[in-house]
Amino acid sequence: MPTWPPVDRYPVPDLTRATLTVCTIARDEERRLGAALASVAAIADEIIVVDSGSSDRTVPIAAAAGARVIEHPWSGFARQRNVALDAATSDWVLELDADERVTAELAAEIDAFLALPPPPEIRIGRMPMRHRFLGAVLGPAGRYPFYRSRLLRRGAYRHDETRLVHEGLTVREPPWVFAGDLQHELADSLAEARHDTWAYARLSAQAIDRVTGRDLAVGILVRPITKFLFGAVILGGARDGIPGLTKLGFEAWGDALTWILAWRHGGRGDGARSGHFGRPATLPGTPHLLAVGDPRPHWTWLQDAAQAGGLVSVVCAPGHAAARVQGGARLRVRPARRRGPVALLRALDAEAQISPSPTPVALDRLGAALLRLAPGIGGPVLDPRQVSPAQAGRRAVRGPDPATGGLAAETTPQEARPRC
């Protein structure tokens, strides 16, 4: 997807520029809210803060920043966010939490995007989030670029109010992918990290209806250990030092704790749902073809698939990213930083975050093997030699699941703050 260079703000109002509302939900966030709103002051035409009963200076801080404050009793993350969306009046909405900051690069990029104005077929944008944990900026331990859907055309999406957690927005059409970072301030201390992990585990445990013996064995032992080792070794999280390893440790502990709490609170076989609590709902046709391997024998197929609809991502070795890529805005190429299967797997993990359930495409045997190893990528792997570009493109743009409206997991432990 193309990105746009920073532009100077117009000295007079530009009537062609799309307008932007920034929506935030908060409670007792006086320590962080001011910086969050200040980071969007230059690009926001309207700021809405939905407060759920703050006892500190959250409301005065929001008002001082020019926000319209809506008092609404806490009714869950999804409901609070929908209250903010319903109050927005601009063309576009940027959802921003109190512990997030729009960097200057991302702000300029959003401003240029709104000045296009955005084409009508673009209804949602995803942006890379970079975590700060225990005072350190994380890279691989935070699964950077960790794409999140935060910019949306007003009225195009809503949050699923049946979900206690994982209430974020999931793309239903090719998204606009931004390059500038959204900075996320995670826990500043071990005590805060422990509190956030417990809060997320309690909420996640309530979403589990049925706990089998296999669920407990996998959820308490196998998956947390595998998750920690994959993040620390394969994805390179150990390079982030003690803060990175600590974050990975809290995530693994949180997974195990979720299953323990689910079992203790009665999820013992009388419900209808099991499996991993963090797995997003199956969304028919999330518009993303994720191709891995050497693309050179398949350039024409990839370009035709992009033209057929959806978004096509290509993950390949550095030397295979030739300049012959001409698929328009719907064809992305992410070369690995180095040669070798581990570097390819890291690039694959990053590109797979563009959507929660991409359709995998193996361009060679190595690509097929990596797609089976990568977490969160399921379903049959397509072979360009057996599937036409039109068939692959149609598969990538099938309609959203009517049961969910195209909504699924986007929440991390530190994003599930019950004090909001």
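Below: a short report on this structure. (Residues numbered from 1 in each chain as written. Predicted model: local features only at pLDDT ≥ 70, side-chain atom pairs only at ≥ 80, totals over all residues. Heavy atoms only, no water.)

## Some points on the environment of A18
And step 1. Within the secondary structure, A18 is located in the segment before β1 (20-26).
And step 2. Under the relative-accessibility criterion, A18 is labelled buried at 7%.
And step 3. Look past the residues within four positions of A18 in its chain and what remains in contact with it is D45, D91, W92, L114 and P118. (Helix = DSSP H or I, 4+ residues; strand = E, 2+ residues; numbered from the N terminus. Buried < 20%, exposed > 50% of the residue type's maximum accessible area, 1.4 Å probe, protein only. Contact = heavy atoms within 4.5 Å.)

## Let's talk about the packing of aromatic side chains
And step 1. Applying the stated criterion across every chain, the model contains six aromatic pairs.
And step 2. Measuring from centroid to centroid gives 4.9 Å for W74 and F77, while their planes differ by 85°, and the two rings are edge-to-face.
And step 3. Plain terms: the ring middles of F113 and F178 are 5.4 Å apart, the flat faces sit at 75° to each other, and that makes the pair edge-to-face. Of the two residues, F113 sits in helix α4 (residues 104-114) while F178 sits in the loop between β9 (176-177) and β10 (182-185), which places them 65 residues apart along the sequence. Each member of the pair F113 and F178 is classed as buried.
And step 4. Taken together through their ring pairs, the aromatic side chains of W92, F113, W176 and F178 make up a single cluster.
And step 5. Over the aromatic face of Y144 sits the side chain of R130, whose NZ or CZ is 3.6 Å from the ring centroid.
And step 6. The cationic tip of R148 hangs over the ring face of F146; the distance from NZ or CZ to the ring centre is 4.1 Å. (Phe/Tyr/Trp six-rings, centres within 6.5 Å; stacked < 30°, edge-to-face > 60°. Lys NZ or Arg CZ within 6 Å of the ring centre and 35° of its normal.)

## A look at the pairing of strand β4 (residues 92-95)
Residues in a regular strand point their side chains to alternate faces of the sheet.
And step 1. Both faces of β4 are covered, namely the face carrying W92 and L94 and the face carrying V93 and E95.
And step 2. Across four bridges, the pairing between β1 and β4 is parallel. Looking at β4, one finds that C23 is bridged to E95.
And step 3. Pairing analysis gives three bridges linking β4 to strand β8 (residues 147-153), with the strands arranged antiparallel. Residue pairing for β8: W92 is matched across the bridge by R153. (Pairing = 2+ DSSP bridges.)

## So, the pattern of salt bridges
And step 1. Scanning the entire structure with this criterion turns up 22 salt bridges.
And step 2. Across the pair R130 and D181 runs a salt bridge whose closest N-O atoms are separated by 3.4 Å. Taken together, the residues R130 in strand β6 (residues 124-133) and D181 in the loop between β9 and β10 connect sequence positions 51 residues apart.
And step 3. Overall, D181 belongs to the buried group, its relative accessible area being 17%.
And step 4. For the salt bridge of R385 with D383, the shortest nitrogen-to-oxygen distance reads 2.9 Å.
And step 5. Here R385 falls in the exposed class, since its relative accessible area comes to 69%.
And step 6. When salt bridges with common partners are traced through the structure, they connect R31, R32, D188 and E192 into a single cluster. (Salt bridge = Lys/Arg side-chain N within 4 Å of Asp/Glu carboxyl O.)

Without other data, these values stay purely geometric and don't point to any function.
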